[in-house]
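A look at the structure
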Amino acid sequence: MTHLNINIDQLMQELEELSTFSDTSPPSVTRILWAQQDQKARTYLKILIEQAGFSWREDAIGNLFATFEGKNPRLPKVGTGSHVDAIPHAGKYDGTVGVLGGLEAMRALKRSGFQPRRSIELLIFNAEEPTRFGVGCLGSRMLSGALTPEQAILLKDQQGMTFEDARLEGGFSGDLSSVALSRNHYFAFVELHIEQMPNLEKAGLPIGVVTAIAAPSSFKLHLKGQGGHAGAVLMPERKDAFLAASEIALCIEQAVKDHGGPDTVGTVGLVKVHPNAINSIPSQVELGVDLRDIDEVRRDRVLSALMQAAEDICKKRGIRLEVEMLNQDPPCASDPMLVKTIQMNCEKLGIPYQNMVSRAYHDSLFMARIAPNAMIFIPCKDGISHRPDEYASPEHILLGVQVLAGVLKDLGEV
Ligand code: HGY
Ligand code: MN
Ligand code: MN
C-alpha cells in the first residue's frame, strides 16, 4: 500500500492549538468536563471537523461524533477516537493524539479519494478522566451502558454540583437514555493513544499493538475521628483521622506487595484533610485510592486484603470508616481480528511493532463492551504522562496515524 499523505505539520499545529484551551499555563494542560476550556476545545474541534467536510453531532451529555459518510451509511460504522479532557497539570498528548490523529487519518483517506463502504466515525468522548465526577470514562461508560442514566444523575462534583445541573450548565440537555449505543452501532473501534509507559521507547519501537487493557478500580475511604486543639489534647486521648489514613496508605502499598503481582499497582492520589489547619487535630480525612491489575481476581484479592487492614487500623484507633466504591471494572481483551489488522498494516508499511498490555485505562475499555476493539500505541518520552513534560514526537505521531489510517481503510471496505 502506498503511504497515505499525512499532513503531520498541520496535525502538530492543531495539537499545539488544542493545548492552549487550558485552565493552567503552558506547558501544562488542564481541561475539565463541560467547563469553559472544554467548551472552547469543542468549538475548535467542530471547526476542524467542518473544514474537513465531515458532519458532526453531540449526544445528550456532549460526546462528540464526526462522520465520514460511507457508501452505505446504514451499515455498522468503523469507530476511532479518544478524549480531550485533561487532569490538572497534565500534558498535551494524552487522548488528543487519538482525536486529532484520528481526524487526520480520516482527512488523509478523504484526500486520497477513498470513500469507505461503511461510514467511519471519530468519537471525542466526554470525561475520560475522573477529575470532575470521580468516575473515569464517563462518556464511554454511558455509551456502552456500563453507567446508566439513573446512576449518572446520582453523581456530584467536588463542589457538590449534581451531574444534571452541571450538564445543563454545560449546554447539554436531552434524554439521557438516548446516549447508550446499540451493540451494532460500530463494526469495530480502534483507538490511537500514547503508551504512557516507557516500554516502546526502551525497545526502540514506534508502534505498540494493545492486546489487553488492565482492570481499574478506584474508591474513597472516608475516615472520621475526633478533632481538637493541637496543643490541648494529649496523645493517648486522640482519635487522629490523618494518622489512621497514613497507616492505611502504607498498608495499601504492603497489600499490593504481599498479595499482588508485577502488574498490580496501588496509588493513594487524593487526600483531603479536615479542618486542614496546622494547630487542629484532623477530624476527617478522605483518601482517594486507585488499584489496578491485568488480573482481575488478583486485583480483588489485594482489594479485600487492604479493606481488612483499613478496618483493623480504624478499630484500633477509634476511627469511623466509610468505603465509597467508585468503580471496579473488569479488564478487556482486544479483538484478535483487529490486532491482526493493525499488525498487517504495520508490516505493509514496514513499521516494526510489539504486542503489549495497557496498564492505563482508556475509553476502549468500555467500547469493547459494544464493539470489537483494539488500540494502537505510540511511545511517549520516558513513558511520562499526566505531567506537563509529557511528549510524543512528530515522527511517532506520523507513524501512528499512518497505521491507523490503513486500519480504518481496511475496516471501512469490509
Ligand atoms: O487513569 C488512566 O489510566 C487514564 O489515563 N485516565
Ligand atoms: Mn489520562
Ligand atoms: Mn488517555
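Above this text you will find the structure in question.
Residues numbered from 1 in each chain as written. Chains lettered and ligands numbered in written order. Predicted model: local features only at pLDDT ≥ 70, side-chain atom pairs only at ≥ 80, totals over all residues. Heavy atoms only, no water.

1. So, the site of ligand 1
Close to ligand 1 lie Glu128, Glu129, Gln196, Arg292, Ala360, Tyr361 and His386, which account for all nearby residues. Measuring from a nitrogen atom of ligand 1, one finds a side-chain N or O atom of Glu129 at 2.8 Å. Backbone polar atom of Tyr361 to an oxygen atom of ligand 1: 2.9 Å apart, as the coordinates give it. When the free accessible area of ligand 1 is taken as 210 Å², the share hidden by the protein chains comes to 93%. Class assignment for the residues of the shell around ligand 1 results in two nonpolar, two polar and three charged. (Near = heavy atom within 4 Å. Polar contact = N/O pair within 3.5 Å; in protein donor to acceptor, adjacent residues only side chain to side chain. Areas by Shrake-Rupley, 256 points an atom, 1.4 Å probe, with all protein chains shown as cover. Nonpolar A, V, L, I, M, F, W, Y, C, P; charged D, E, K, R; others polar.)

2. Quick notes on the coordination of the manganese ion (ligand 2)
At 2.1 Å from the manganese ion (ligand 2) lie its protein donor atoms, namely Asp94 (OD), Glu129 (OE) and His386 (NE2). Here the donor residues for the manganese ion (ligand 2) map to a single chain with the spacing D-x34-E-x256-H. Here the manganese ion (ligand 2) and the manganese ion (ligand 3) are spaced 3.5 Å apart, linked through Asp94, which binds each one. With Asp94 in the loop between strand 5 (86–90) and helix 3 (96–111) and His386 in the loop between strand 15 (373–378) and helix 12 (394–413), this pair connects stretches of sequence that are 292 residues apart. Residue class for Asp94 comes out buried when judged on its relative accessible area of 7%. (Donors = N, O, S within 2.8 Å, 3.2 Å for Na, K, Ca; no water. Helix = DSSP H or I, 4+ residues; strand = E, 2+ residues; numbered from the N terminus. Buried < 20%, exposed > 50% of the residue type's maximum accessible area, 1.4 Å probe, protein only.)

3. Let's talk about the sheet that holds strand 9 (residues 215–224)
With antiparallel pairing, the four strands of this open sheet are ordered in space as 10-11-9-12. The open sheet has two free edges, formed respectively by strand 10 (265–274) and strand 12 (320–328), since each of these has just one partner strand. Within the sheet, the average angular offset between the axes of one strand and its neighbour, ignoring direction, is 15 degrees. The pairing of strand 9 with strand 12 spans eight bridges and is antiparallel. In the sheet register, Phe219 faces strand 12, and the bridge partner there is Met325. Sheet strands in contact with helix 8 (residues 241–259) are strand 9, strand 10 and strand 11 (284–293), and its direction is about 10 degrees off that of strand 11. Across the face of the sheet, helix 9 (residues 296–317) comes into contact with strand 9, strand 11 and strand 12 while running at roughly 5 degrees to strand 9. (Pairing = 2+ DSSP bridges. Axes fitted to C-alpha atoms, helices over the stretch in contact; angles between N-to-C directions. Contact = heavy atoms within 4.5 Å.)

4. Points about the coordination of the manganese ion (ligand 3)
Looking at the metal site, the manganese ion (ligand 3) is ligated by His83 (NE2), Asp94 (OD) and His193 (NE2), spaced 2.1 to 2.3 Å from it. Read in sequence order, the donor residues coordinating the manganese ion (ligand 3) give the pattern H-x10-D-x98-H.

5. Describing the packing of helix 2 (residues 36–51) against helix 3
Interhelical geometry of helix 2 versus helix 3 gives an angle of 15 degrees and a closest axis separation of 11 Å. If you check the angle between helix 2 and helix 3, you find them roughly parallel. Considering how the two elements wind past one another, helix 2 and helix 3 form a crossing that is left-handed. Across from Leu45, Leu48 and Ile49 in helix 2, the residues of helix 3 making contact are Val99, Leu100 and Leu103. Per-class residue counts for the contact of helix 2 with helix 3 are six nonpolar, no polar and no charged. (Parallel < 35°, antiparallel > 145°, perpendicular 65-115°, else oblique. Left-handed = near helix turned anticlockwise from the far one by under 90°.)

6. Some points on the packing of aromatic side chains
Aromatic ring pairs: the centre-centre distance and the angle between the two ring planes describe each pair. Summed over the entire model, instances satisfying the criterion amount to nine aromatic pairs. With a centroid separation of 6.0 Å and 85 degrees between ring planes, the pair formed by Tyr93 and Tyr391 is classed as edge-to-face. A residue pair is termed long-range when its members are at least 10 positions apart, and Tyr93 in the loop between strand 5 and helix 3 and Tyr391 in the loop between strand 15 and helix 12 qualify at 298 residues. What makes Tyr391 partly exposed here is its relative accessible area of 36%. (Phe/Tyr/Trp six-rings, centres within 6.5 Å; stacked < 30°, edge-to-face > 60°.)

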